[in-house]
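So you can see what is in the structure, the chains are spelled out below.
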Amino acid sequence: MGLIAKRSTLKETWRWVNQFSKHPRFKLVSYILKLLLTAVILYFVFRGLELRSVLENMMRLSVGVILLLILGSLLRHLIQLTAWRLSLRINPAYVPDLRAELNSYLIGLPLAFAFPGGFAAMGRIFWVKNSSHIDSALAFVVERGFLTWATWSFAATAALMHFPGISPLWSLPLYLVLVTLPLWSKHLFRFWKEGEPYRARYAGSAPRLALLQIIAALIALTQYWLILNSLQRISWLDNFKLMSLTTFSNSIPITLGGLGLRESFAIHFLKDAGFVASEAISATLSLFLIQDVVPALIGLSVLWKKSR
């Protein structure tokens, strides 16, 4: 009886927490707090820096480098769109629609700025036809899951290379579990009674989703390498280590668009390669504008058109 009562209490507590977290006032307060946190972090990041030096560093990028950065961002967005389309197809009942998939992906770009961590990008599920919004939400979780997996895998690889003091006794087993996730994650569907129809399609898509995110991560690191080499010389291997550790901040959902936190990580890690704070900030902001802000404006126009 005691165990049953405890389970009932836990269930009621979880229901209360779930309902409270969905309350409009809670969402508003949470958003304001994280907006303030973003502002505070940005204040401490830019405090003592001359904004002009950051802008001057950004202006040092040649036309050729800027074109390569734009090309890289186009490829990365094409990869993410492909990953979104593959994730939707995990549902056997889904009927592919390229136009709806493209529009929903573009609409998700500005929505990612609506709430810290980019979770509001899930709003794209309402702009694609599926058997249910739950199935589209599952597709979003799968796509973002593989994106996070790639980020963590690259960061873990960089950490093993950059921090020689890490004990291999516990780090290597955890590392192997992480990097092999696409191979065994299909078995997680066995814990979901209704998930059996999705398991076979997920198993077939997982290797392709993993490969897509690996390619996207390598493109992003190469983009950073191009920017940093415009400021001072850095090897691709050092760039791989330092920027993989920096981009890990993208998976910490406490600021809008990762602003401030990413710059703090860049300042901390890039100083090991001789980059000053203004140069580190210039690198992250340059790619942020090209990769995130400009495409979000395009997505905003699509959202405005669809809303009308």
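The text that follows walks through the structure, step by step, so that each part is easy to find.

Conventions we followed
- Residues take numbers from 1 onward in each chain, read along the sequence in its written order.
- For this predicted model, a pLDDT threshold of at least 70 governs which residues receive local features, and a threshold of 80 or more governs which side-chain atom pairs are given and counted, while totals over whole chains, interfaces and linings are taken from all residues.
- To get the side-chain values, take all heavy atoms of the structure and skip hydrogens and water.
- Note on conventions: DSSP H or I runs of at least 4 residues are helices, E runs of at least 2 residues are strands, and numbering of each starts at the N terminus.
- Only heavy atoms enter the contact rule, under which two residues are in contact if any of them lie within 4.5 Å.
- Each residue's exposure class comes from its accessible area (1.4 Å probe, protein chains only) as a fraction of the maximum for that residue type: buried when under 20%, exposed when over 50%, partly exposed otherwise.
- We call a set of buried Ala, Val, Leu, Ile, Met, Phe, Trp, Tyr and Cys residues a nonpolar core when their side-chain atoms join them within 4.5 Å.

1. Topic: the environment of Asn57
Then step 1. Within the secondary structure, Asn57 is located in helix H3 (residues 51-59).
Then step 2. In this structure, the C-alpha to C-alpha distance between Asn57 and Ala283, residues 226 residues apart in sequence, is 8.4 Å.
Then step 3. Every residue in contact with Asn57, bar those within four places of it in the chain, is listed here: Leu231, Ser278, Glu279 and Ser282.

2. Concerning the side chain of Ser153
Then step 1. You can see Ser153 is positioned in helix H6 (residues 133-162).
Then step 2. Judged by its relative accessible area of 6%, Ser153 falls in the buried class.
Then step 3. Not counting chain neighbours up to four residues away, the residues in contact with Ser153 comprise Tyr175, Leu178 and Val179.

3. Focus on the nonpolar core
Then step 1. The biggest cluster of nonpolar side chains holds 25 residues, and the ones touching the most others in it are Leu69, Ile227, Leu228, Met243, Leu270 and Phe275.
Then step 2. For this core, the secondary structure elements donating two or more residues are helix H4 (63-88), H6, helix H9 (196-231), helix H10 (236-247), helix H11 (261-270) and helix H12 (277-307).
Then step 3. The leading source of residues in this core is H9, at 6 residues.
Then step 4. Discounting residues that sit within four places of it in the chain, Phe275 has contacts with Leu228, Leu231, Gln232, Ile234 and Leu270.
Then step 5. Ile79, Trp149, Ala210 and Leu212 belong to the second-largest nonpolar core, a separate cluster that totals 19 residues.

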